[in-house]
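# Understanding the architecture of this molecule
Below, each chain spelled out in residue letters.
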Amino acid sequence: MLFNSVEFLLFFPTVVLAYFILPKAFRTYWLLIVSYIFYMGWNPQYALLLLFSTGITFLSGLLIGHARKKCRAKEEQGKKAFPWPRFYVVVSLLINLSLLFFFKYFDFVVENINTFLVNTGRAPYTPAFDVLLPVGISFYIFQALSYTIDVYRGDVRVEKNFFKYATFVSFFPQLVAGPIERSTNLLSQFDTPHVFQLNQAVKGLQLMAWGFFQKIVIADRAAIVVNQIFNYSAYYKGFEILVGMLLFAVQIYCDFAGYSNIAIGSAQVLGFDLMENFHRPYFAKSVADFWRRWHISLSTWFRDYLYIPLGGNRKGTARKYFNLMIVFLASGLWHGAAWNYVIWGGLNGLYQVLGGVLKPYKQRLTDKLHVRVNTFSHRLLCGIITFILIDIAWVFFRASSFSHAISMFQNLFAEFNPWVLMDGSLLNMGFTATEWTVLLLAICVLLMVSALQESGLRLRNALAKQELWFQWALCIIGVLLVLIFGIYGPNFDSAAFIYFQF
Amino acid sequence: MKKLLGVVGFLCVFLLLYSYANSALHIKTEDGIEPMRNYYALPENTVDVLMVGSSHMGRNISPKLLWQNEGIAGYNLWSGMQPIWNSYYFVKEGLKTQKPKVVVIDIFLCGVTAEYSDSAAALKNVQAVNASLDQVNAARASFRTWQEAAEALWGMPTYHNRYNELTENDFYYYTDGISTDVQDILSVPSNNFQASLLDYASITDELPLTEKSETYLRKTINLCKSQGIPLLLIVAPYQATAEECMRLNTAERIAREEGVDFVNYLKEYQAAGIDPLSDFYDIGHLNNNGIPKLTAHLGAYLKAHYELPDRRRDAAHIWYNQNVTVATQNTPSYALERQFQGDGITRSVDTGIRPLENRYGSWTLLARLDMKTYGDNEVYFSCFSEQADAGNYGLLARKSGDHVIDLKLGANISTTFIAENDTVDLAIVKNSQTYDLYVDGICIFLGRELPCNPYEGNLLIGCQELSPDGEKFRYSRTRTLNFEFYEDQIFSAEQIAAWSPDELPETPLPLGFFGDEQQEIYTLREQFVGGGWEYLQESFIDTGVQLYDESANRFTIIARILPNTLGSDNVYFSCFSEEPDHYRGLLVRQTQENRIDLLLGSNYSVQVPCVPGQSMLLVIEKDVSVYTVYADGVKVIDGIDTLCDPYEGNLLIGCQEDADGEKFRFSQTCVMGLQVLSGVVEDEQAAQLTLEDAPMPEKRVGSTVQYEMSDPYLGDTVGRYLDTGVKLYDVSDKAWTLIVELNADSINRSDAYFSCFSERVGQYRGLLLRSNTDNSFTLFLGVETVTIPADQERQKMRFVIVKDGAHYRVYLNGKAIATLESECAPYDGTLLIGCQETAEGEKFRFSPVKIDAFSVQDGALEPEKAQKESEIREQNQRF
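Predicted, not measured: the structure shown is a model, and the values here were computed from it. (Residues numbered from 1 in each chain as written. Chains lettered and ligands numbered in written order. Predicted model: local features only at pLDDT ≥ 70, side-chain atom pairs only at ≥ 80, totals over all residues. Heavy atoms only, no water.)

## Quick word on the overall build of chain B
Scanning chain B from N- to C-terminus turns up 17 helices and 50 strands. With the C-alpha coordinates aligned to their principal axes, the bounding extent of chain B is approximately 115 × 85 × 55 Å. Every one of the 879 residues in chain B was classed for burial, and the buried ones make up 54%. Counting only contacts in chain B whose residues sit at least 6 apart along the sequence, the fraction spanning at least 24 positions is 70%. (Helix = DSSP H or I, 4+ residues; strand = E, 2+ residues; numbered from the N terminus. Buried < 20%, exposed > 50% of the residue type's maximum accessible area, 1.4 Å probe, protein only. Contact = heavy atoms within 4.5 Å.)

This is the structure we're talking about:
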């Protein structure tokens, strides 16, 4: 089920209530059961896939642990042992990545092979089955794999309790859209019994409310305009395209970060502490900085399990850039099985490679011009340039194809028409003036909150120190605003209520 | 403890503010929500008759009229599209606060088989009810899924987006907006819909109710029984289908078995005086003619069958002393819309007004008359008794010489005056039995006593009549430029002097009149080859010539036709009214191999022998009412006199027109030449008239079909569309495959997605996808249609439409949804995206539709491939 559904609204309080009422021994089992129920809200059959992946990684953990002991014993005897732990980790990786490949990339590969076949005058291949992408597969497979690799590396001890491990993989708040947790952080939290703490719960609920605000007030509202402009881009030019591009940057951030915040918040209500996933990415001063702030759980996953094993930056500059490109192309592919995602990833990698290559020249230039790099204005300029670069890449992310993205840029520069911002053109995008006002005000709130956070203020802690009436007022108004201005529910056109229709 | 108090306190404040926001945002409709809200506010023992049901109850029965006429304290607790399960909960809710003496329910929706109403209607029906276990049960009965029911009960998800449209009223709706007055039916549309009701009384068969309907019908009956309140079930008159009527028969039987009263107005609407032609404004709702009739009948029934006190005299009743006011009008009771130009043969105007019905009546008549008429003793207007036994009296204006008018008023008293100009303004004011007369604003006499007996006849322009409703005579060639009649109004001299009406449009003279002889009215440009779809020609030709718009038209038709062996009812040409019992005009057709049939004037039938394959030259002359016909130079009909009433239709070649103006009987006949001339000629000349054959029409060549839309299409309502340039129907038996993917996120309107469709009345054909206001789609294929029902969930729709000759296959989202045969005539229009084209080639119905992909190509895609092609391909974009 989705967080923004009436099901979740009933599901979550029930889960929380039962969780704290049940004896401590049963709580993990309860979480496991409800997590599977949560997942089966999409497609019950794919719960088997989740179970399978969980089983394989659990088993590989056990085998690695067992084999390592044996190897160590042999090595102590001075014998050369077959590297079984490595074997098991490779098998686990292969099985899990095959699952991911089959369910996520099979269609993509077939499509590309067919393009090749058709272009070379041969008949295209038609698969005998259709693959439906299981929800969240990229998330939980990565999470499960991180456990296998951590066990192999010895960063985490082997988990012997299958149910506890299964709960770690399927933990419902972060199951389908992250953060991708590490066994080192989350797994151990199932050991410590959680006691209900009101201030923790309140903070969790506050974060959830903020997440809902980002998701259903901003992201889903911005999506209406973004979809209109991107889907029917042939009819929009210049500033209209620009509006679409800017709003997509807002949409993708609020959508993703909002969902993460709901996840982190709901885990917090249950007493769990999940990692931060978005750290105000649009305040980044460089593309590299952006990637330290954007989808942190994924970036660090790639860093720890791909970039560093590839050699990271320890094998020379060229190799470092090569590794960077590999990581970002893979990241692109992880986000979606289509070439435009690969290009998006590649572009982000390229920015950083270029950033690295040009760094000495940039340094020389700033020195020569006596630019004061510690000023607000300089930081602002860097932030703006970074945002522009990121937003250009987003067009590839959102467009339906590479050529679509190119045509978006052509339309962007086809006309200089700032008057469309004033002459009512923006009201022809399925969006009324009221909607625009709500959206712009909401984005202002987002900006203000982000700026305060960026200045080092911990908002929820600061709020807790305020007078009670203020805390209440802010919370109540916030929740009401989300309820009223959120995009959710069956959304009837008021014309639908006219009774003259039979 | 302190913490707990804090949480409780917080929740209380939150709920308080939430409920305020909720009440402002709540949907507010004049059905369902408003009747229920006001009902809750009524004091105890106010309602004697509780009326529940759909709009058929709420829009057809007026509580105000029940109150005014019968003193019945009735309340209409209705909601649009209310099925019986919602009626059940409305009754249950209604009985919580009032103790009515009878409950009346309209159960027309028991006649349909839908298990659920559309979401918006269901929502009103559920949200009107106050929060209670009954509301929960009502929601469960009204929605398919528990999620929808939960959202409806919570409310906020369904109406929070109303923040866009909040008005002052929304914030006071549940406080100051409440009304406890007698209910009235507001904003009844003034139009008149001619309902075509079946003979429901003769339908006695039964069809079962749906299980759900029957369950709730019985629950409702038991509920009223358990409360000891009599129940009356009704079905207000509407345009029901036979199946609906049969299901309602079952409901009636159940009611009778249970001892419940039932009045089925489908079968008894005549008893209530309802006229299907004048009393409806749409297929299910009465207009201001019908509402009083039905309400009066139901009121009388209620009075007769239940003990209902007259509450008008009950000073303790909340509605005591509530009454009505009637507005007055100040416009003419009658005004001529076009100038009247008499032809001396059939032309006249019946105003429908009876100025002398009441001898003491008062009125003002204003007329502007043209003095240049063609003869003497011609009538301008009349309301004049010519009965032998009663004598001559009344009102009569005639011409009695050059610029001389003779006006008769009262008991045949004549006033004669001479008009100075070519037009004259005449004003007659009747005040009880005295008259004022003004000519060109100058008073001729004032207050002259001219008493006479009442006369029932109508005021006529351009003729007289022998007796009321009797034969008209003395059709005149007078010309009346303006004519206004004001009932119950007495104009002063100033008002009359100030009268300067706008000039009315002229009425042209009949064809071929007054020396307008032998003008060419129409000549066929190319031969008509009926059914010859290989030719570049429509399946009929509308000449645009009205031969019978005036009874007195005089014309000559010269036509060369080619009789064939293709069976009966083949029309060569027609200008013929198919109005039942009033057939008239001209019709030339072949009913047998060796015989051409002519229908002339008032359906006068004559036959002319013919030889198939051998052309025949027909000359048809009409001299007002006298017809002469020559076949190949031989006079076959000699001066038959058959006068007929005017008919507005055009001369059509190759088809006929029915009474509703729809073309029909498209015929495979051949007309090689045809000419219409005004007036008639002498006998010898007529016999020698000839006509050259028109050239043959061009042959059709099918174009290739190949189009792929490069970018997704986004329509607007102003004028955007795409013309693909592709002709899908330029030859009839083309084979093509069309693939289209729609984004149907807001289709609550009548939009055209794509069209290659002839809008010619009676010849609708081609390809068209339209959305309807109820969210469904209609796909026109050739001459057939496929309805694709509403589906709230659906947003992306991928159609594959395959045409192979006359065979169509349609696939939608991976499923085959229709296969059908549909042969149609060629159509030369191109395939348009986002609009349609009128018969005249003008683009219209520009639609704000979203089409994500669109392609069409030659050749019919095989079934399996087509089905596969219609599957929606979601891009794997989720992480």
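Once the structure has been displayed, the description carries forward.
## Here we look at the overall build of chain A
Check the secondary structure of chain A and you find 18 helices and 0 strands. Computed over C-alpha atoms, the radius of gyration of chain A comes to 25 Å, within 12% of the 23 Å expected from 2.2 N^0.38 for 502 residues, which places it in the range of a compact globule. For chain A, the spread of C-alpha atoms along the principal axes amounts to about 80 × 60 × 60 Å. The buried share of chain A, reckoned over its 502 residues, is 51%. Sequence-distant contacts in chain A: of pairs separated by 6 or more residues, those separated by 24 or more amount to 74%. Counting every atom, chain A has about 23,900 Å² of accessible surface; 68% of that belongs to carbon and sulfur. Of note, chain A has its 40 positive side-chain charges centred 13 Å away from the centre of its 26 negative side-chain charges. (Rg over C-alpha atoms; globule rule 2.2 N^0.38 Å. Areas by Shrake-Rupley, 256 points an atom, 1.4 Å probe, with all protein chains shown as cover. Lys, Arg positive; Asp, Glu negative; His and termini not counted. Charge placed at Lys NZ, Arg CZ, Asp CG, Glu CD.)

## Remarks on unusual backbone geometry
One non-glycine residue with positive phi stands out, namely H370 of chain A, at about 55°. Among the structural elements, H370 of chain A can be located in the loop between α13 (339-368) and α14 (376-398). Of note, R845 of chain B is a non-glycine position whose phi angle comes to about 50°, a positive value.

## Description of the nonpolar core
With 242 residues, the main nonpolar core has L31, F172 and W394 of chain A together with I107, L232 and L302 of chain B as its most contacted residues. The leading source of residues in this core is helix α9 (residues 239-269) of chain A, at 18 residues. Ignoring anything within four residues of it in the chain, the contact list for L232 of chain B reads V102, V103, V104, I105, D261, F262, V263, L298, Y301, L302 and Y306 of chain B. (Core = buried A, V, L, I, M, F, W, Y, C linked by side-chain atoms within 4.5 Å.)

## Notes on a nonpolar patch on the surface
Residues and elements named next belong to chain A. Where nonpolar side chains cluster on the molecular surface, the patch consists of L350, L354, V357, L358 and Y361 and spans about 460 Å² of accessible area. Along the polypeptide, L354 turns up in helix α13. By relative accessible area, L354 is classed as partly exposed at 44%. (Patch = residues over 30% accessible without salt bridge, like charges linked within 9 Å, V, L, I, M, F, W, Y side chains within 5 Å. Salt bridge = Lys/Arg side-chain N within 4 Å of Asp/Glu carboxyl O.)

## Some remarks on the interface of chain A and chain B
Taken together, the contact pairs 58 residues of chain A with 62 residues of chain B. Where chain A abuts chain B, roughly 5,200 Å² becomes buried across the two surfaces, and 65% of that area is made up of carbon and sulfur atoms. Listing elements by their share of the side of chain A that touches chain B, those giving two or more residues are α1 (6-21), α4 (84-119), α5 (137-153), α8 (198-231), α12 (317-335), α16 (433-454) and α18 (468-485) of chain A. The element best represented in the side of chain A that touches chain B is α18 of chain A, accounting for 8 residues. Here the side of chain A that touches chain B is built from residues that sort into 38 nonpolar, 14 polar and 6 charged. (Buried area = accessible area lost by both parts, 1.4 Å probe. Nonpolar A, V, L, I, M, F, W, Y, C, P; charged D, E, K, R; others polar.)

## Examining the side chain of T300 of chain A
All names here are of chain A. Within the secondary structure, T300 is located in helix α11 (residues 296-307). Classification of T300 as buried rests on a relative accessible area of 14%. Engagement of the side chain of T300 in a polar contact is seen with the backbone oxygen of I296, the distance being 2.7 Å. Residue contacts for T300: discarding those within four places in its chain leaves R182 and M275. (Polar contact = N/O pair within 3.5 Å; in protein donor to acceptor, adjacent residues only side chain to side chain.)

## Observations regarding the sheet that holds strand β23 (residues 541-542) of chain B
Residues and elements named next belong to chain B. Here we have 6 strands laid out as an open sheet, ordered β23-β32-β25-β26-β27-β28, and antiparallel in their pairing. With one partner strand each, in any of the chains shown, β23 and β28 (604-609) form the two edges of the open sheet. Of the pairings in the sheet, the one linking β23 to strand β32 (residues 652-653) comprises 2 bridges and is antiparallel in character. Looking at β32, one finds that I541 is bridged to I653. (Pairing = 2+ DSSP bridges.)

## What to know about the confidence of the model for chain B
Residues and elements named next belong to chain B. Chain-level statistics for chain B give a pLDDT mean of 88 and a share of 96% at 70 or above. The lowest-confidence element of chain B is helix α16 (residues 683-687), averaging 82 in pLDDT; the highest-confidence one is strand β3 (residues 102-106), averaging 96. Low pLDDT, under 50, characterises residues 324-329; the predicted model gives this stretch 3 contacts beyond four residues in sequence or across chains. Our summary of model confidence lists the complex with pTM equal to 0.73 and ipTM equal to 0.85. (pLDDT = per-residue confidence, 0-100.)

## Some details on helix α3 (residues 47-76) of chain A
Within an α-helix, residues lying three or four positions from one another point in the same direction, as the helix has 3.6 residues per turn. For α3 of chain A, built from 30 residues, the straight-helix expectation of 44 Å at 1.5 Å per residue is met to within 8% by its first-to-last C-alpha distance of 43 Å. Remark: G78 of chain A follows α3 of chain A within two positions and exhibits a positive phi of approximately 80°. (Expected span 1.5 Å × (residues − 1).)

## Details of the pattern of salt bridges
Within this structure, the stated rule accounts for 54 salt bridges over all chains. D220 of chain A is the partner of K215 of chain A in a salt bridge, and the nearest nitrogen-oxygen pair spans 3.2 Å. D220 of chain A shares its class with K215 of chain A; the two are buried. The partner of K64 of chain B in a salt bridge is D184 of chain B, and the shortest N-O contact between them spans 3.1 Å. With a gap of 120 residues between them, K64 of chain B in helix α4 (residues 63-70) and D184 of chain B in the loop between α10 (168-172) and α11 (211-227) connect regions that are remote in the sequence. Assessed through its relative accessible area of 24%, K64 of chain B is described here as partly exposed. Residue classification places D184 of chain B among the partly exposed positions, given a relative accessible area of 38%.

## Structural notes on the sheet that holds strand β2 (residues 74-78) of chain B
All names here are of chain B. With respect to topology, 5 strands assemble into an open sheet ordered β2-β1-β3-β4-β5, the strand pairing being parallel. The sheet is open, and its two borders are formed by β2 and β5 (261-264), each paired with just one other strand. The mean angle between the axes of side-by-side strands here comes to 20°, regardless of whether they run parallel or antiparallel. Pairing of strand β4 (residues 231-235) with β5, which is carried by 4 bridges, proceeds in the parallel orientation. Across the sheet, the residue bridging to L233 is F262, located in β5. Of the strands in this sheet, β1 (49-53), β2 and β3 are in contact with helix α5 (residues 84-97), which crosses β1 at around 155°. (Axes fitted to C-alpha atoms, helices over the stretch in contact; angles between N-to-C directions.)

## Here's the deal with the environment of I185 of chain B
Checked against the element boundaries, I185 of chain B lands in the loop between α10 and α11. On the basis of relative accessibility, which here comes to 12%, the residue I185 of chain B falls in the buried class.

## Structural notes on the packing of aromatic side chains
Going through the model one piece at a time under the given rule, you end up with 93 aromatic pairs over all chains. Note on Y282 of chain A and W294 of chain A: the rings are 6.4 Å apart at their centroids and 40° apart in plane angle, and the pair reads as tilted. Residue Y282 of chain A is found in the loop between α9 and α10 (287-293), and its partner W294 of chain A is found in the loop between α10 and α11; the two are separated by 12 residues along the sequence. On the basis of relative accessibility, which here comes to 1%, the residue W294 of chain A falls in the buried class. Measuring from ring centre to ring centre gives 6.3 Å for Y707 of chain B and F854 of chain B, while their planes differ by 65°; the resulting arrangement is edge-to-face. Of this pair, Y707 of chain B sits in strand β36 (residues 706-708) while F854 of chain B is found in strand β50 (residues 850-858), placing the two residues 147 residues apart along the sequence. Both residues of the pair, Y707 of chain B and F854 of chain B, belong to the buried class. Over the ring of W334 of chain A we find K104 of chain A, and its NZ or CZ is 5.4 Å from the ring centre. When the ring centre of W85 of chain B is taken as origin, the NZ or CZ atom of K212 of chain B, which lies over that ring, is 3.9 Å away. (Phe/Tyr/Trp six-rings, centres within 6.5 Å; stacked < 30°, edge-to-face > 60°. Lys NZ or Arg CZ within 6 Å of the ring centre and 35° of its normal.)

## Some details on the pairing of strand β26 (residues 584-592) of chain B
Residues in a regular strand point their side chains to alternate faces of the sheet. Residues and elements named next belong to chain B. The buried fraction of β26 is high, at 7 of 9 residues. Where strand β25 (residues 570-577) meets β26, 7 bridges bridge the pair, whose relative direction is antiparallel. Along β26, the bridge assignment pairs C575 with L586. Linking β25 to β26, which pair antiparallel, is a turn of 6 residues; within it D581 sits at a positive phi near 60°. By the bridge criterion, 7 bridges tie β26 to strand β27 (residues 595-601) in an arrangement that is antiparallel. Counted as the bridge partner of L586 is L600 from β27. Once β26 ends, the chain turns through 2 residues before running back antiparallel as β27.

## A look at the domain arrangement of chain A
Residue and element names in this part refer to chain A. For chain A, the assigned domains are domain 1 (6-196), domain 2 (197-276 + 399-502) and domain 3 (279-398). When each unit is reduced to the centre of its C-alpha atoms, the spacing between domain 2 and domain 3 is 25 Å. Listed as interface residues are 27 residues of domain 2 and, on the opposing side, 22 residues of domain 3. For E454, the salt bridge goes to R280, with nearest N and O atoms at 2.7 Å. Of all the elements in the fold, those that place two or more residues in the side of domain 2 that touches domain 3 are α8, α9, α15 (402-414) and α16. Considering each element in turn, the side of domain 2 that touches domain 3 owes the most residues, 8 residues, to α9. Looking at the side of domain 2 that touches domain 3, its residues break down into 19 nonpolar, 6 polar and 2 charged. (Domains from an automatic or database assignment.)

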